[in-house]
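# Examining the three-dimensional arrangement
In case you want the letters, here they are:
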Amino acid sequence: MMSVALMWGPRPAAEALQIFEASVETEPHLGQRLDRAIFLAMGDRIEEARALAQAAEHQLREFGGERMADIHVADLERIAGDHRVEAQRLRMFCDDARKRDVRAALSTYASMLGRALCAAGEFNEVEGLAAEGREYGDEDDPITQALWRQATALVQSHRGNHAEAERLCREAVVRTRWRPRHQPSSATP
């Protein structure tokens, strides 16, 4: 979980990579190698990141775990700006999630696929993907709730419906704001 916090947090990529590498074992497991590839990509070391991810994915195939690599490779390619490959990898993950009826993962990654397709200039199937995110996403999952709105907003903007796109974007931002679960009581003893 620390790697996720470092990836999504405010630290510069080089600092996040340094903290990550200090926390992993001498011989990192395959998931940690994929995480490291993301940190390398974030530091603009794209080819090194791709090589590391490819080697880890090759080993994962031996154990039937290549879908795990799809998400990491999609992130890596998003960072690299290759949205077609990002979408291809997310599609493979989503197809597998549909086949296995893993709706929680599908809600998030279908919406991510929609955003990747928009970034690649392909808008045809995005609304359906965002609808999966909306239908399957838990109302208390801020990331999924923001992602399907973002994907839908991109489609609306592409169609020229800018007011609707802005409304959806504002909702997405509100969904991702941190809110404490339990507000302290304002009553004094």
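Scroll up to find the structure this text is about.
What follows concerns the nonpolar core. The biggest cluster of nonpolar side chains holds 24 residues, and the ones touching the most others in it are Leu90, Cys94, Tyr109, Leu113, Leu117 and Val126. Where this core is concerned, the elements lending two or more residues are α5 (66–80), α6 (83–100), α7 (103–119), α8 (126–136) and α9 (142–158). The greatest single-element share of this core, amounting to 9 residues, is contributed by α7. Those residues in contact with Tyr109 that sit more than four places away from it in its chain are Ile71, Leu90, Phe93 and Cys94. Counting residues in each nonpolar core, the second largest holds 21 residues, with Leu30, Ile38, Ile46 and Ala49 among its members.

Right, let's talk about the packing of helix α4 (residues 46–62) against α5 for a bit. In a pair of packed helices, the angle between the axes and the distance between the axes together describe the arrangement. The interhelical angle for the contact between α4 and α5, taken along N-to-C directions, is 170°, at an axis separation of 9 Å. The pairing of α4 with α5 is recorded here as roughly antiparallel in orientation. Listed contacts from α5 to Ile46, Ala49, Arg50, Ala53, Glu57, Leu60 and Arg61 of α4 are Glu66, Met68, Ala69, Asp70, Val73, Leu76, Glu77, Ile79 and Ala80. Per-class residue counts for the contact of α4 with α5 are 10 nonpolar, no polar and 6 charged.

This structure, assessed with the given rule, holds 2 aromatic pairs. The interplanar angle of 40° and the centroid separation of 5.0 Å between the aromatic rings of Phe20 and Phe39 together place this pair among those described as tilted. Within this pair, whereas Phe20 is found in helix α2 (residues 13–23), its partner Phe39 is found in helix α3 (residues 30–42), the two being separated by 19 residues in sequence. Overall, the relative accessible area of 4% leaves Phe20 in the buried class. Their ring planes at 65° and their centres at 4.9 Å tell us that Phe93 and Tyr109 sit as a pair that is edge-to-face. You can see Phe93 sitting in helix α6 and its partner Tyr109 sitting in helix α7, a full 16 residues away along the chain.

This brings us to α6. Taking 1.5 Å per residue, 18 residues should reach 26 Å; α6 reaches 25 Å between its end C-alpha atoms and fits that length. Those residues of α6 that sit buried are Glu86, Ala87, Arg89, Leu90, Phe93, Cys94, Asp96 and Ala97. Buried residues along α6 sit in contact with α4, α5 and α7. Among the residues trailing α6, Asp101 stands out with phi positive, at a value near 60°.

Cut-offs and rules
- Per chain, residue numbering runs from 1 following the sequence as it is written.
- For this predicted model, a pLDDT threshold of at least 70 governs which residues receive local features, and a threshold of 80 or more governs which side-chain atom pairs are given and counted, while totals over whole chains, interfaces and linings are taken from all residues.
- Think of the side-chain values as coming from all heavy atoms in the structure, minus any hydrogens and water.
- Buried Ala, Val, Leu, Ile, Met, Phe, Trp, Tyr and Cys residues that are joined via side-chain atoms within 4.5 Å together make up what is termed a nonpolar core.
- Burial classification: accessible surface area is computed with a 1.4 Å probe over protein chains only, and a residue below 20% of its type maximum counts as buried, one above 50% as exposed, and the rest as partly exposed.
- Strands here mean DSSP runs of E at least two residues long; helices mean DSSP runs of H or I at least four residues long; both are numbered from the N terminus.
- Residue contacts are counted whenever heavy atoms from the two residues lie within 4.5 Å of one another.
- Convention adopted: a line fitted to C-alpha atoms gives each axis, helices being fitted over their contacting stretch, and angles between N-to-C directions are expressed from 0 to 180 degrees.
- To sort the angles, those under 35 degrees are grouped as roughly parallel, those over 145 as roughly antiparallel, those from 65 to 115 as roughly perpendicular, and the leftovers as oblique.
- Asp, Glu, Lys and Arg are counted as charged, while Ala, Val, Leu, Ile, Met, Phe, Trp, Tyr, Cys and Pro are counted as nonpolar; the rest, among them Gly, fall into the polar class.
- Two rings belonging to Phe, Tyr or Trp (six-membered ring only in the last case) form a pair when the distance between their centres is within 6.5 Å. Interplanar angles under 30 degrees mark stacking, angles over 60 mark edge-to-face geometry, and anything in between is tilted.
- Take the residue count of a helix, subtract one, and multiply by 1.5 Å to get its expected span.

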